Amino acid sequence: MAKKQRKRMKLDDADVPLSAMIDCVFLLLIYFIVTQKPIIDETLLSCDLPTPGGKPPDKPPQMLTVEVVRMFPNPNNDPTIKAKELNTYYLNKRTWSLRDPSAVNDLRRQLITIAENDPDQTIIINCGPNAQHQKLIQILDVCAEAGLTKLNVVNDESIKFLPSDSP
Amino acid sequence: MAKKREQQEAEIPISSMIDIVFLLIIFFVVTASLDKEVEDEMIRLANSPHGKPLTKKDPRGVTINIRENGKINVSGRLVDMGTLSAILTNQAAKYGNDIPIVIRGDRNVQHGYIKKVMDAVTNTKLYRVKFQAEKLERK
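Residues numbered from 1 in each chain as written. Chains lettered and ligands numbered in written order. Predicted model: local features only at pLDDT ≥ 70, side-chain atom pairs only at ≥ 80, totals over all residues. Heavy atoms only, no water.

*Asks:* So what exactly am I meant to see when it comes to the interface of chain B and chain A here?
*Replies:* Interface size is often expressed as the accessible area that is lost when the parts come together. Listed per partner, the contact involves 50 residues of chain B and 46 residues of chain A. Roughly 4,200 Å² of surface becomes buried between chain B and chain A when both sides are summed, with 62% attributable to carbon and sulfur atoms. Among the residues chain B hides against chain A, the three largest losses belong to Gln110(B), His111(B) and Phe131(B). Together they make up 17% of the total. At the junction of chain B and chain A, the tally comes to 4 residue pairs in polar contact (both at pLDDT 80 or more). For the side of chain B that touches chain A, the secondary-structure elements that each account for two or more residues are α1 (2–9), α2 (14–35), β4 (101–105), α4 (111–123) and β5 (129–134) of chain B. In terms of residues, the side of chain B that touches chain A owes the most to one element, α4(B), which gives 9 residues. (Contact = heavy atoms within 4.5 Å. Buried area = accessible area lost by both parts, 1.4 Å probe. Polar contact = N/O pair within 3.5 Å; in protein donor to acceptor, adjacent residues only side chain to side chain. Helix = DSSP H or I, 4+ residues; strand = E, 2+ residues; numbered from the N terminus.)

Now the structure itself:
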């Protein structure tokens, strides 16, 4: 009987401090809840860059140019910026206004038709320096949807870069 | 009596197990925060619902974050164009010219800033440039 008693005592000593452990576990739980981020699916859109110093690639005759021009409201009311440069896409000199959501769908249809005819068609995306980055991503996305893979992103040198946060 | 002893012997050593579990938790906490350092939290990416889903990242690549005001952030450090070129040259010398360069531009950053970074990449003779975006439907 005495032996049995001793054994039980020993067991009691080895008991886990449950309340302290629960404190710890709750702290960890709260830490993880606070620091967790929602999982957002991300994607990578690739494009080709011109090789420096190398010879310019042979231009196929039916190369298409999509231009993304000035998308910012005129920061300094610079009169040299023409009104037509605001919020506009051009595809082979045809113009789509970005304010009109059906215009983007129209552009999408055009690019899908191009991709059906020739998926290897090179598309040059001529992006104005003042355009918002998401407009370029939008065009790259439309091209990805159409299945076009040969995309060149170039900068439109004819438009002056006006940083929006400069005085 | 004999039955009781058997039961006691089969008990799990809880305190040592908890030690191990806590060690594992601390290990994962430390490594998880190291993994995310290349991404700038201040950037809100543009949406691209039709892009290919992100596959495993190449550890040799360089991720360049560009904030809305045009500030460039590489692995948690704000850098200027000279430093960026130095980083790219260094990385290209180490792993070759075919390493992927990921540009994480804010959705509202002007393209002129992106263009400067692209020029720096091109001048280092790197050519695999990708733009990162979120795979969300536009609402």
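*Asks:* Explain a nonpolar patch on the surface to me, please; I cannot follow it from the model alone.
*Replies:* On the surface, a cluster of nonpolar side chains totalling about 770 Å² of accessible area is made up of Leu18(A), Ile22(A), Val25(A), Phe26(A), Leu29(A), Ile30(A), Ile33(A) and Val34(A). Tracing the sequence through the fold places Ile22(A) in helix α2 (residues 18–35). (Patch = residues over 30% accessible without salt bridge, like charges linked within 9 Å, V, L, I, M, F, W, Y side chains within 5 Å. Areas by Shrake-Rupley, 256 points an atom, 1.4 Å probe, with all protein chains shown as cover. Salt bridge = Lys/Arg side-chain N within 4 Å of Asp/Glu carboxyl O.)

*Asks:* Mind showing me how you'd approach the nonpolar core here?
*Replies:* Nonpolar side chains in soluble globular proteins tend to end up buried together. One finds Leu111(A), Leu148(A), Ile64(B), Leu84(B), Leu88(B), Ile101(B) and Phe131(B) to be the most contacted residues of the largest nonpolar core, which totals 45 residues. Among the elements that line this core, the one with the most residues is helix α4 (residues 133–146) of chain A, at 7 residues. Sequence-distant contacts of Leu88(B), defined by excluding residues within four places in its chain, comprise Val62(B), Ile64(B), Ile101(B), Ala120(B), Val121(B), Thr124(B) and Leu126(B). (Core = buried A, V, L, I, M, F, W, Y, C linked by side-chain atoms within 4.5 Å. Buried < 20%, exposed > 50% of the residue type's maximum accessible area, 1.4 Å probe, protein only.)

*Asks:* Would you mind showing me how to read the sheet that holds strand β1 (residues 42–47) of chain A here?
*Replies:* Sheet strands associate in pairs through backbone hydrogen bonding, adopting either a parallel or an antiparallel arrangement. Strand order in this open sheet of 6 strands is β1(A)-β5(B)-β4(B)-β1(B)-β2(B)-β3(B), and the pairing throughout is mixed. Looking at which strands have only one partner, the edges of the open sheet turn out to be β1 of chain A together with β3 (77–79) of chain B. Neighbour-to-neighbour, the strand axes of the sheet open up by a mean angle of 35 degrees, direction not taken into account. The pairing of strand β2 (residues 72–74) of chain B with β3(B) spans 3 bridges and is antiparallel. Across the sheet, the residue bridging to Asn73(B) is Leu78(B), located in β3(B). Sitting on the sheet, α4(A) touches β1 of chain A together with β4 and β5 of chain B, and the angle it makes with β5(B) is about 95 degrees. Along the sheet, helix α3 (residues 81–95) of chain B contacts β1 (62–66), β2, β3 and β4 of chain B; its crossing angle with β3(B), the most-contacted strand, is approximately 110 degrees. (Pairing = 2+ DSSP bridges. Axes fitted to C-alpha atoms, helices over the stretch in contact; angles between N-to-C directions.)

Without other data, these values stay purely geometric and don't point to any function.
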